[in-house]
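A closer look at the structure
Residue strings, one per chain:
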Amino acid sequence: MSQADEANGQGGPLDSILAQWRVARPDIDPSPMAVCGAVWRAGERIRQGLAGNLAGAELDFAGFDVLMTLRRQGEHGGSLTPSELAKDMMLSTSAMTNRLDRLEKRGLIARQADPQDRRSLRILLTPAGFALIERLVVSHVATEERLLSALGASEREQLKALLAKVAAGEGE
């Protein structure tokens, strides 16, 4: 049996789990477990692959996300307020403050007074933060490409669309 068959639940561990549930609880249809289990396993494989990419930089996903968000703002990384960062990253402002404190201690970001509003701060990448994220984004995309290499372009689009439907809660 191929790894693809096993990952699809065709004769692999997920099929065995479903068979056990069908015996233990014949009154329920356990097939959603196979789909969710496959998504969970794929997500965990992706998470581990991407964490490995960050390990050498001593950076966690939270810090990486902040640096990536700032880098997307322009050629040399733009600036955002902490509230704008939190909104972009779908976080609470308190969670954002903790992330920013850790990155600032490492010298990867700086807080500067907003020239338009003295009561507000702007967050920007330092030269060290910019250099780090420039290096990491290349290896990050290469890692994602390796992790998705079993899928063709149309399969990737299909998977993205299907996962977007699940994320949006369509059908609930």
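See the structure printed just above.
Heads up: these notes are all about the structure in this document. What you see is a predicted model, and the numbers here were worked out from it, not measured in a lab.

1. Structural notes on the sheet that holds strand E1 (residues 79-80)
Strand order across the open sheet formed by 3 strands is E1-E3-E2, with antiparallel pairing between neighbours. Whereas interior strands pair on both sides, the edge strands pair on one side only; in this sheet they are E1 and strand E2 (109-114). With 2 bridges joining them, E1 and strand E3 (residues 117-125) adopt antiparallel strand pairing. Bridge pairing links Ser 79 to Leu 124 in E3. Lying on the sheet, helix H6 (residues 93-105) is in contact with E2 and E3; it crosses E2 at an angle near 115 degrees.

2. Some words on the pairing of E2
Two faces, one strand: in a regular strand the side chains alternate between the faces of the sheet. Relative to E3, E2 runs antiparallel, the two sharing 6 bridges. When the bridges of E3 are listed, Gln 112 appears paired with Arg 122. Connecting E2 to the next strand, E3, in antiparallel fashion are 2 residues.

3. Some points on the nonpolar core
Nonpolar side chains in soluble globular proteins generally cluster together in the buried interior. Residues Leu 59, Val 66, Leu 67, Leu 70, Leu 85, Ile 109 and Leu 136 are the most contacted members of the largest nonpolar core, which totals 23 residues. For this core, the elements supplying multiple residues, two or more each, are helix H4 (61-71), helix H5 (82-89), H6, E3 and helix H7 (127-147). Excluding residues within four positions of it along the chain, Leu 59 makes contact with Leu 54, Phe 64, Leu 67, Leu 103, Arg 106, Leu 108, Leu 132 and Leu 136.

The rules behind each value
Residues numbered from 1 in each chain as written. Predicted model: local features only at pLDDT ≥ 70, side-chain atom pairs only at ≥ 80, totals over all residues. Heavy atoms only, no water. Pairing = 2+ DSSP bridges. Helix = DSSP H or I, 4+ residues; strand = E, 2+ residues; numbered from the N terminus. Contact = heavy atoms within 4.5 Å. Axes fitted to C-alpha atoms, helices over the stretch in contact; angles between N-to-C directions. Core = buried A, V, L, I, M, F, W, Y, C linked by side-chain atoms within 4.5 Å. Buried < 20%, exposed > 50% of the residue type's maximum accessible area, 1.4 Å probe, protein only.

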